[in-house]
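# Reading the structure
Each chain, written out:
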Amino acid sequence: MKKHLHFKSLLFLLLFLSLAMPSQLFGQSEVTVSGKVTSASNGETLPGVSILIEGTTTGTVTDVNGVYTLKAGANAQLIFTFVGYVQERIAVNNQTTIDVALVPDIQTLGEVVVVGYGTQSRKNLTSAITNVKPEELNRGAITDVGQLLQGKVPGLNITASGDPNRTAAVILRGASTLNSSQSPLYVIDGVIGADISIIAPDDIASIDVLKDGSATAIYGNRAANGVIMVTTKKGKKGQMQVGYNGYIGMEKVSNQLDLMNGNQLRTFWQKNSIPVPSDDEGANTNWQSAIQKSSAFSTNHNLSFSGGTEHSSYNASINYARKEGILLKSAQERVIARLNIEHSALNDKVKFGLNVSNSNTKASNTPMRNVVLQQVVKYLPVSPIRNADGSFYENFDKPGAYYNPVAMIEHGQDDTKTNALVAAFTTHVNLPLGLTYDLNVSYQNTTYLHGEFYDSYYSKNYNATFYSNPEPPGVRQPVTFGTNGFALRSSYQDTRKVVESFVTWAKQFGSHDINLVLGYSWQDNEFGDGIQATTTNLPVDNIGYNNFALSNPYAVSSFRIGFGSDEVYQHYRMISDFARLNYSFKDKYLLQGSIRRDGSSVFGANNRWGYFPSIGVAWRIADEAFMKSQSFVNDLKLRASYGVTGNASGFNPYTAQFISGSLGTFYYNGVQLGAYGPTQLSNPDLKWEKTATANIGLDFTILSGKLSGTVEVYDKKTTGMITTYAVDPARGPSGQIVANGGSMDNKGIEVSLSATPVKANNGFTWNTSINFAHNTNKILSLTNPLFTGGDSTRITQPDGGGQTGSTLQILKSGKPLGEFFSLQYAGKDSAGTSQYINREGIASTSPAIGRDYHYLGSPQPKLLVGWSNTLTYKNFDLNLFFRGSFGGKIFNATRAELFRLETATSANILNDAANEPVSDRNVYKYSSRFIESGTYVRLDNATLGYSFKNLGQSIRSLRVYTSVNNAFIITKYTGVDPEINQGGTAPGVDSNNFYPKTRTFLLGVNLSF
């Protein structure tokens, strides 16, 4: 009886619970809900919005177009969460389509930006920082982060060629140094100086570009060229989400030089009574096409997994990318694996983080690429690529270097394998009294395995007159290839260890908010740890650089094994203390101050420590009482800042030390002995280059968020630039010393605007953003009172035919970096001979190199523009991105060398040189005639996409798209492309070294489960 009562009671209890529990746990009907999430302020779609079913861990996130799909109970509640926006709760109520417009949170005013050692809301910024979201990055077959930002950030001047293995030149607000290190400092997930190649574009959550001294001074000695903060994606609470992004692409050469073909060249010879050369084989060879692939293909595949529980989250991804170069034998293949784990413990008082990323890259280069490009424009089109028997056609009777460029590629190898590992462990502890403690430990290891091989064809045919063709301002050097082939092999590794520890105190006292950071940083850097060797006299040609043991270099008496530069190995250490204070009163009056004390072993014993302070203030005008009665202005903030940063890179860390080395050999007592002596003088007073930046900024939002923008005005001045000076040999046998001297200034203005011109009821939306940047660069001085020289240094010597000693540029106080300095063209005299203005201002047909040179303008653009447009209609989206550069000049040295009519039987010429008189032996001289406008407007990218909805429970979102890069360009430049390298001390020079740009067509898919 009791058992029967117990059974009845159990049945009653189960019945009660089934009625009382939420219906979704007991078979509540489900519906598939989809929709789009936008911003209520401007109508822009919001990717990455978290949608969670209340009371569960089930959810999803919106895709790149703000679209989501998930299954939920018919009566469930959906929670929409996104950083910078007010959380929204919406009941399903059997709806299948729920579009949501999230309202910006006025407490955060949009996104959170990453700053040094922390984050800040944009509302409270006092410095110049540009935030770039993933959907705003450039699209297409891009593996280089620099190109992702091209045209997106005002003040960031980025130039890139079509070479898949060459990173873009990135200059922020003008060059700040004469040293090779002009690129910004990259900080990836808090890891300072991380190799940017470890990041796959699909793994980026946001990029913050720190531009003024107030923002960058916290990084002290590394931040003179600006700081780019990259934040990767992290896991979120909820069930595992799987994403796949992939594309395939095809590339075609977008432009070629207008060289004469075989028939045109024969007509030119006949017209000018020029004897036909012996190598006219009746061919009509396009040598530019001969070294290019008809099409180059690229592909990228990214697979990601993310999710989390109440206390843990994870995000893992693997990325495979292969990008073929358009030149023969050039390609890049890369695999990136990344893992991010975060776990909270002790009642969420402690959070541990582990971030590991590894990138493995194989870069295949076109052998002797720059020499190949030089020979391509030189080799006569009347000669064939191969002889009738299949061997390569060559004519070594031509004067100077004259080599079949296809043969050069075929008989050479040039490969580099790079493995980059970055591992970081972080600990964040919440302490009493508003204190937190952070410990960041990171380890970076990059290994390089490089090999070059030039077989016996090089040794037999190219040893006599072969010269390199280095990037400007390098000067060509003779190159030899031993006997029976030449091989080079090197293996090096770079290691960087960083330990950073800081305490943060955040406290609010009524209307006063204080945030204080105190920290310590320790860095140990070891570069170039490895070995290099060369060899010759290989038994066969097919072993390449893989088996040195088979070679016998000792049998070639004239050959010396090369072990590389004696400056490859570098080891230095940096120790720093830093502090930052942020204060706000009523969230209207903002103050930020910071200071960093850096010590570095690279400087002289008397100046190893440097101090880098900054201060910034801001006034939130929109929060004042007198602004409340109007509705036109939604947000208005005025900022001003000043900060000092330093530069400790771009030169050897032993630059300040006394060094002895090899000084050749000498003959003594019948024996050839090695000579050693001083090769570098010490300088105990060598100190930091310092860059001080003053910045005034205005942030505004008007028309209910439909138009927002930022205006920045800055003055950036670098002092104590590190360069080389001459000294009396009596003071030091090396005759030179590296010291501080000179200064450089950059002044500019930047404007960025974002608007929603159209937001129609039928679902059509047009969002647009445009940015402008103007910068004026000037070298203020180059001298040091203790040493001679420095000023008026002529650089960039292409050494074209008949132009030995001629230079193109000058480093001169009062002029911009890269100022063109050459002959000034003055037309032709009565005999048809080109003449040039001499120093006395008189036209002359025999100008003197250097003496009769004139200042001819700057390669640096006066205005950079980026204009992005996103149009959406229902499931379709179209993005058009235009980029322009205005006012810069290009020295087209390639064109000058293709105007040598007198040698038209041994080197090709341009079609538009045909009307020049052959008797003019001056026509090709480097001069203002070959300085052209570098202005251009390019449709960088056009992308059309379609997002599918309601694809079932398994597929959250699916978008397919097609894209074209470099669709067209408007320019008057006569070279291959006006986007000439803007990095280094010789920007804007086109000298037979430009890797052709391509036009890329893509088909891609974004898929999430």
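What you see is a predicted model, and the numbers here were worked out from it, not measured in a lab.

Reading the values: rules and limits
- Residues numbered from 1 in each chain as written.
- Predicted model: local features only at pLDDT ≥ 70, side-chain atom pairs only at ≥ 80, totals over all residues.
- Heavy atoms only, no water.
- Helix = DSSP H or I, 4+ residues; strand = E, 2+ residues; numbered from the N terminus.
- Rg over C-alpha atoms; globule rule 2.2 N^0.38 Å.
- Buried < 20%, exposed > 50% of the residue type's maximum accessible area, 1.4 Å probe, protein only.
- Contact = heavy atoms within 4.5 Å.
- Areas by Shrake-Rupley, 256 points an atom, 1.4 Å probe, with all protein chains shown as cover.
- Salt bridge = Lys/Arg side-chain N within 4 Å of Asp/Glu carboxyl O.
- Core = buried A, V, L, I, M, F, W, Y, C linked by side-chain atoms within 4.5 Å.
- Pairing = 2+ DSSP bridges.
- Polar contact = N/O pair within 3.5 Å; in protein donor to acceptor, adjacent residues only side chain to side chain.
- Phe/Tyr/Trp six-rings, centres within 6.5 Å; stacked < 30°, edge-to-face > 60°.
- Lys NZ or Arg CZ within 6 Å of the ring centre and 35° of its normal.
- 1 Å grid on protein atoms, 1.4 Å probe; cavity = no way out; pocket = protein on both sides within 12 Å on 5 of 7 lines; lining within 4 Å.
- Points joined across faces, edges and corners; volume = space filled by probe spheres on them.
- Arc of directions from axis to C-beta.
- Patch = residues over 30% accessible without salt bridge, like charges linked within 9 Å, V, L, I, M, F, W, Y side chains within 5 Å.
- pLDDT = per-residue confidence, 0-100.

The next thing to look at is the overall build of the protein. Along its length, the protein carries nine helices and 52 strands. Whereas a compact globule of 1009 residues would reach a radius of gyration of roughly 30 Å, the protein reaches 32 Å, a difference of no more than 12%. Oriented by its inertia axes, the alpha-carbon framework of the protein measures out at about 120 × 65 × 65 Å. Burial analysis of the protein (1009 residues in total) assigns 54% to the buried set. Within the protein, counting contacts between residues at least 6 apart in sequence, those at least 24 apart form 70% of the total. A total of about 42300 Å² of accessible surface is found on the protein, and carbon and sulfur atoms cover 57% of it.

Here Thr436 lies in strand S23 (residues 435-454). With 178 residues separating them along the chain, Thr436 and Asp258 place their C-alpha atoms 65 Å apart. Apart from residues no more than four positions distant in its own chain, Thr436 is found in contact with His428, Val429, Asn430, Leu431, Phe502, Val503 and Thr504.

Here we come to the pattern of salt bridges. Two side chains with opposite charge may pair up if their charged atoms get near one another. All told, the structure shown has 38 salt bridges when counted by the stated rule. Asp699 serves as the salt-bridge partner of Lys637, at 3.8 Å between the closest nitrogen and oxygen. Linking Lys637 in strand S29 (residues 633-647) with Asp699 in strand S32 (residues 689-702), this pair joins segments that are 62 residues apart in sequence. Comparing Lys637 with Asp699 shows no difference in burial state: the two are buried. The closest approach of N and O atoms between Asp912 and Arg895, which form a salt bridge, is 2.7 Å. With Asp912 in the loop between helix H9 (893-897) and strand S48 (931-933) and Arg895 in helix H9, the pair connects residues that are 17 residues apart, well separated along the chain. A residue is classified by how much of its surface remains accessible, and Asp912, at 40% relative accessible area, is partly exposed. Shared partners join several salt bridges into a network, and the residues in it are Arg883, Arg938, Asp940, Asp977, Glu979 and Lys997.

Within helix H6 (residues 369-378), eight of the 10 residues are buried, which leaves the element mostly enclosed by the surrounding structure. Every buried residue of H6 is accounted for by Arg369, Asn370, Val371, Val372, Leu373, Gln375, Val376 and Val377. On the buried face of H6, the contacting elements are helix H5 (287-290) and helix H7 (405-410).

As a further point, take the nonpolar core. If you look at the biggest cluster of nonpolar residues, it comprises 68 residues, and the most contacted ones within it are Phe268, Met368, Met408, Tyr462, Phe466 and Phe481. A total of five residues in this core trace back to one element, the largest contributor, which is H6. With 28 residues, the next largest nonpolar core counts Val145, Ile228, Val230 and Val422 among its residues.

With that settled, consider the pairing of strand S46 (residues 876-886). Pairing analysis gives 11 bridges linking strand S45 (residues 863-873) to S46, with the strands arranged antiparallel. Bridging across to S46, Leu863 finds its partner in Phe886. In this antiparallel pair of consecutive strands, S45 and S46, the connection spans two residues, and Lys874 shows a positive phi of 55 degrees. Relative to strand S49 (residues 936-948), S46 runs antiparallel, the two being bridged by 10 bridges. Note on S49: the bridge partner recorded for Asn879 is Thr943.

The next point concerns the side chain of Ser383. Among the structural elements, Ser383 can be located in the loop between H6 and H7. A polar contact of 3.0 Å, which involves the side chain of Ser383, links it to the backbone oxygen of Asp279. Excluding anything up to four places from it in sequence, Ser383 contacts Asp279, Ala283, Thr285, Trp287 and Tyr393.

The strands that make up a sheet are held in pairs by hydrogen bonds between backbone atoms, and each pair lies either parallel or antiparallel. Read from one edge to the other, the open sheet built from three strands follows the order S48-S47-S51, with strand pairing classed as mixed. For this open sheet the edge positions go to S48 and strand S51 (989-990), each flanked by a neighbour on one side alone.

The tally for this structure, following the rule as stated, stands at 37 aromatic pairs. A centroid spacing of 6.3 Å and a plane angle of 65 degrees characterise the contact between Phe486 and Phe559, whose relative ring orientation is edge-to-face. Within this pair, whereas Phe486 is found in strand S24 (residues 486-509), its partner Phe559 is found in the loop between strand S25 (512-536) and strand S26 (570-585), the two being separated by 73 residues in sequence. For the pair Phe486 and Phe559, one class covers both residues: buried. Plain terms: the ring middles of Phe612 and Trp688 are 5.6 Å apart, the flat faces sit at 85 degrees to each other, and that makes the pair edge-to-face. Here Trp688 lies in the loop between strand S31 (671-680) and S32 and Phe612 lies in strand S28 (residues 609-620), a separation of 76 residues in the sequence. Comparing Phe612 with Trp688, the two get one shared label, buried. By the ring-pair criterion, three or more aromatic residues cluster together here, those being Phe392, Phe396, Tyr403, Tyr454, Tyr457, Tyr458, Tyr462, Phe466 and Phe481. In this structure, Arg386 packs its charged tip against the face of Phe392, placed 4.0 Å from the ring centre. In this structure, Lys398 is placed above the aromatic ring of Tyr402, and the distance from its NZ or CZ to the ring centre is 5.7 Å.

Looking now at the sheet that holds strand S43 (residues 843-844). Ordered in space as S41-S42-S43, the three strands form an open sheet in which the pairing is antiparallel. Every other strand in the sheet has two partners, leaving strand S41 (824-828) and S43 as the edge strands with one partner each. When S41 meets strand S42 (residues 834-837), the two strands line up antiparallel, connected through three bridges. If you follow Lys828 over to S42, its bridge partner there is Ser834.

Going through the model one piece at a time under the given rule, you end up with nine cavities of 30 Å³ or more. Of the pockets and cavities examined, the largest cavity occupies roughly 270 Å³. Lining the largest cavity are 30 residues, and of these Asn157, Pro861, Leu864, Ser885 and Tyr936 sit closest to its centre. Breaking the lining of the largest cavity down by element, the ones donating at least two residues are strand S11 (156-159), strand S37 (764-781), S45, S46 and strand S47 (889-892).

Buried residues of helix H4 (residues 262-271): Gly262, Leu265, Phe268 and Trp269, and no others. Down the axis of H4, the buried set is contained in an arc of 125 degrees. They therefore lie on one face. Facing away from the buried surface of H4 by more than 90 degrees, the exposed residues are Gln270 and Lys271. The positive-phi residue at the C-terminal boundary of H4 is Ser273, with phi of around 55 degrees.

Here the focus is unusual backbone geometry. Residues Pro472 and Pro473 are joined by a peptide bond in cis, for which omega reads 10 degrees. Within the secondary structure, Pro473 sits in the loop between helix H8 (456-461) and S24. A positive phi angle, close to 60 degrees, is found at Lys586, a residue other than glycine. If you trace the backbone, Lys586 turns up in the loop between S26 and strand S27 (589-600).

Right, let's talk about the side chain of Ser50 for a bit. As for its placement among the helices and strands, Ser50 is situated in strand S2 (residues 50-53). Those residues in contact with Ser50 that sit more than four places away from it in its chain are Thr60, Val61, Ile79, Phe80 and Thr81.

So, on to a nonpolar patch on the surface. Taken together, the side chains of Tyr589, Trp619, Phe626, Leu638, Ile696, Val713 and Ile749 make up a nonpolar region of the molecular surface, amounting to roughly 620 Å² of accessible area. Position of Ile696 relative to the elements: it lies in strand S32.

Attention shifts here to the environment of Leu137. Mapped onto the elements of the fold, Leu137 is located in the loop between strand S10 (129-132) and helix H2 (145-148). Overall, the relative accessible area of 6% leaves Leu137 in the buried class. Along the primary structure Leu137 and Pro201 are separated by 64 residues, whereas in three dimensions their C-alpha atoms are 8.8 Å apart. Beyond its immediate stretch of four places on either side in the chain, Leu137 contacts Val132, Leu148, Leu149, Lys152, Ile204 and Ile207.

Model confidence for the protein is summarised by a mean pLDDT of 90, while 96% of its residues fall at 70 or above. This model gives residues 106-110 a pLDDT under 50, and the stretch forms 13 contacts once residues within four places in sequence are excluded.

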